[in-house]
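# Structure assessment
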Amino acid sequence: MDNIHVNEDFRTQVQPALKSKLEEFRLLGIDSVSEQGLWEFLIKKKWKKVKHEMKIYEMIQDILSVRVSDYLNYVTIESYKTSEFSIDNEEELKELLK
């Protein structure tokens, strides 16, 4: 139970705001964002240091203030963290770093 964020209980209540933000992303041409992905961004970035239950209006304000660029930066960094990038050959590494 330690992995559950303090705001997880309010997810269904703020779901209309999540859907609204996803629709905004789609209007801007970003179709690959899922509700789960947006929620994980909020938990890992916006609400990372939150230790108390937030008010509903604070959560909705945070959801609606998410910028596309912030989300895309987060996704890019997360993909770098999870990729298994390794170069075994020292020559390939030197070529890459030129």
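What comes next concerns the included structure. (Residues numbered from 1 in each chain as written. Predicted model: local features only at pLDDT ≥ 70, side-chain atom pairs only at ≥ 80, totals over all residues. Heavy atoms only, no water.)

## Brief notes about helix H1 (residues 15-27)
- Taking 1.5 Å of rise per residue, 13 residues should cover 18 Å, and H1 covers 18 Å from first to last C-alpha, within 8% of that figure.
- Of the surrounding secondary structure, the elements contacted by the buried residues of H1 are helix H2 (35-46), helix H3 (56-64) and helix H4 (68-82).
- Gly-29 sits one or two residues past H1 and shows a positive phi near 90 degrees. (Helix = DSSP H or I, 4+ residues; strand = E, 2+ residues; numbered from the N terminus. Expected span 1.5 Å × (residues − 1). Contact = heavy atoms within 4.5 Å.)

## Points about the packing of H1 against H2
- One way to put it is that H1 packs onto H2 with a least axis distance of 10 Å and a crossing angle of 105 degrees. Between H1 and H2, the angle is such that the two are roughly perpendicular. Between H1 and H2, the contacting residues are Gln-15, Leu-18, Lys-19, Lys-21 and Leu-22 on the first element and Glu-35, Leu-38, Trp-39 and Leu-42 on the second.
- Considering only residue class, the contact of H1 with H2 consists of 5 nonpolar, 1 polar and 3 charged. (Axes fitted to C-alpha atoms, helices over the stretch in contact; angles between N-to-C directions. Parallel < 35°, antiparallel > 145°, perpendicular 65-115°, else oblique. Nonpolar A, V, L, I, M, F, W, Y, C, P; charged D, E, K, R; others polar.)

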